[in-house]
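Summary of the model geometry
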Amino acid sequence: MSAPSIAVRVSEVAAVTPLVKRFRLEPESGGRLPAFSGGAHIAVEMQDGAHRRRNAFSLMGSPSDTTGYVIGVRRHDNGRGGSRYMHERVTPGTMLRIAHPANLFPIDGRARKHLLLAGGIGITPLVAMAEQFARDGQPFELHYAARSPEHAAFADELLERFGPAVHTHFSAQGRRLACASLLAEQPLGTHLYVCGPETLMDEAFASARALGWPEQSLHRERFAAPARGLPFAVRLARSGRRVDVGADQSMLEALEAAGAPVASLCRGGACGQCETRVLACDGTLLHADHYLSAAERGAGGKVMPCVSRFAGRSLTLDL
Amino acid sequence: MPETSIKSRPVYGTLAPQPGTRHILLADGDGAAAIVDLARAAPPEFFERAHIITAPAAGAMAVRAPLRALAPAVLDETDRLAAALSRLAEVLAGAGMGTRLYVAGTEGTIGQAMQVALDAGVELGAIATEHRGSRARRVQCAHCKTFIDEVTTQPVACSGCGLMLFVRDHYSRRLAAFQGVCVDAEEPGSAPTPEEVFT
Ligand code: FES
């Protein structure tokens, strides 16, 4: 990571639903944290035994409040372990290190209206956006799709805070979010922001494009938590060393743990920071990013170690 | 006196049907043919959702018949660009996302229609343009701010302050005009003789 990390203390932990906890992080030495805008995220560093993990979480507090950052974490029991660590090990008083906020899902201030679409825990960056729009007096509407009210973390507070701007859609109650009809009735100058499961984001984008929304008005959160996978090893060309990547570790984390750090920002396959040259590959690169083009993937010369993995005999990186 | 290309110099394409729930097409007398050409590639239901606004010079009946033949949902025929532009503004005031705008004609027509559209909140990506007809430019004098329409010569005399202006390739989307700057400021009267270049 380029900018030095920041030491924070966990000041509050709240169980919002059985699967979601909210954490408030305050600067260890008091004062203020760096400013951020709606849609920004931070990477949180966790020392889990011998493993050092870094997970990216969207900031969901008000951008006007820099006395602390708020993140909402959904527990993924078959994830790589970062969210489980946050749920099980982090309590008020825990010290953590975080990276400076970065924003890969920025607001377009020229929009006449902002239409926010969230699926599940994808609500978090949109909460910060809603706070910012409310503060700046910009028109917005927030649609929150979840299975049921019990699965819709933060829905009550959002309804209380933003009232009629918030709409919930619970599929278990037969009120599935109908993207196409919602998108068909938006005024000129509306921008769409979607965050949630890949399927929801794809559906919303496909509906919008079919209706004739131009690309500039479509925004989606692109980073996704890296998935678990089978263990594999990589060879570093410069030192000749071999680095083992565990099943619940990303290649990027393994490289960092081995003292061969790679620059990173989103840690979710969106920003391009961690792009690494592949010198030799006897096997298959399992690309999982949104950054490399199909042509680049085809050429096989690059990999994004924050999310992508490898299967095969040997992989040599230009590190 | 060509000026090496500047970034703000607008680039125009060729009109082609886009996905959309409503299609607004605006053309001047020169641009009407571009709509007729677009129609060849348009799916059958395209004109059921189309609103055509035309501004050919008064009496130019020849360009009207082919547009009427396209049977758009709405056809607004005006004979002045100003009238067409205010019609466009009215239509856009009630329009929603999914509206696509197509503009064809001279640079002046395109520039001013884009200005109306951007003011109404239309995204650039929802606007398609095609240049047809004269390359005459709309120029704003950098000194007295007068707009001069249909400029075909380089340099040109400002109709406001009389200065001889060099027409730059610098285009302002906000003003929908090219910038004209005084050519003989150092030595009045030393300006080259105007030549027809924007034709
Ligand atoms: S860190 Fe952003 S793509 Fe890997």
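One can find the structure itself at the top, above this paragraph.
A brief look at the structure comes next. What you see is a predicted model, and the numbers here were worked out from it, not measured in a lab.

The subject of this paragraph is the nonpolar core. All names here are of chain A. Counting 28 residues, the largest nonpolar core has Leu116, Ile123, Leu126, Met129, Tyr144 and Leu158 as the members making the most contacts within it. Looking at this core, the elements that each hand over two or more residues are strand 8 (113–119), helix 2 (123–136), strand 9 (140–146), helix 3 (155–162), strand 10 (166–170) and strand 11 (190–195). At six residues, the largest contribution of residues to this core is made by helix 2. Each of domain 1 (6–103) and domain 2 (113–220) accounts for three or more of the residues forming this core. Excluding residues within four positions of it along the chain, Leu116 makes contact with Leu126, Met129, Ala130, Phe133, Phe140, Glu141, Leu142, His143 and Tyr193.

We now examine the interface of chain A and chain B. Each partner contributes to the interface: chain A provides 16 residues, whereas chain B provides 19 residues. Summed over both partners, the interface of chain A with chain B comes to about 1300 Å²; 56% of that surface belongs to carbon and sulfur atoms. When residues of chain A are sorted by the area they lose upon contact with chain B, Arg112, Leu188 and Pro214 of chain A head the list and together hold 43% of the total. Counting every contact that joins chain A to chain B gives one salt bridge. One salt bridge in this structure joins Glu123 of chain B and Arg110 of chain A, with 3.7 Å as the shortest N-O distance. Viewed at the interface, chain B and chain A are joined by eight residue pairs in polar contact (both at pLDDT 80 or more). Elements represented by at least two residues in the side of chain A that touches chain B include exactly strand 11 and helix 5 (198–211) of chain A.

All names here are of chain B. Viewed as axis vectors pointing N to C, helix 3 (residues 81–93) and helix 4 (residues 107–119) meet at an angle of 25 degrees, and their least axial separation amounts to 9 Å. Relative to helix 4, the element helix 3 is oriented roughly parallel. Once helix 3 is placed against helix 4, the crossing between them reads as right-handed. Counting all contacts with helix 3, which are made through Leu81, Leu85, Leu88, Ala89 and Leu92, the residues of helix 4 involved are Thr109, Gln112, Ala113, Val116 and Ala117. Residue composition of the contact of helix 3 with helix 4, by class: eight nonpolar, two polar and no charged.

On to the sheet that holds strand 12 (residues 218–220) of chain A, then. Residues and elements named next belong to chain A. The five strands lie next to each other as 10-9-8-11-12, forming an open sheet whose pairing is parallel. Of all strands in the sheet, those bounded by a partner on one side alone are strand 10 and strand 12. The mean inter-strand angle of the sheet, taken between neighbouring strand axes irrespective of direction, is 15 degrees. Where strand 8 and strand 9 come together, six bridges link them in parallel fashion. In the sheet register, Ala118 faces strand 9, and the bridge partner there is Tyr144. Along the sheet, helix 2 makes contact with strand 8, strand 9 and strand 11, crossing strand 8 at roughly 155 degrees. Against the sheet, helix 3 engages strand 9 and strand 10, with an angle of about 150 degrees to strand 10.

Definitions and cut-offs
- Residues numbered from 1 in each chain as written.
- Chains lettered and ligands numbered in written order.
- Predicted model: local features only at pLDDT ≥ 70, side-chain atom pairs only at ≥ 80, totals over all residues.
- Heavy atoms only, no water.
- Core = buried A, V, L, I, M, F, W, Y, C linked by side-chain atoms within 4.5 Å.
- Buried < 20%, exposed > 50% of the residue type's maximum accessible area, 1.4 Å probe, protein only.
- Helix = DSSP H or I, 4+ residues; strand = E, 2+ residues; numbered from the N terminus.
- Domains from an automatic or database assignment.
- Contact = heavy atoms within 4.5 Å.
- Buried area = accessible area lost by both parts, 1.4 Å probe.
- Salt bridge = Lys/Arg side-chain N within 4 Å of Asp/Glu carboxyl O.
- Polar contact = N/O pair within 3.5 Å; in protein donor to acceptor, adjacent residues only side chain to side chain.
- Axes fitted to C-alpha atoms, helices over the stretch in contact; angles between N-to-C directions.
- Parallel < 35°, antiparallel > 145°, perpendicular 65-115°, else oblique.
- Left-handed = near helix turned anticlockwise from the far one by under 90°.
- Nonpolar A, V, L, I, M, F, W, Y, C, P; charged D, E, K, R; others polar.
- Pairing = 2+ DSSP bridges.

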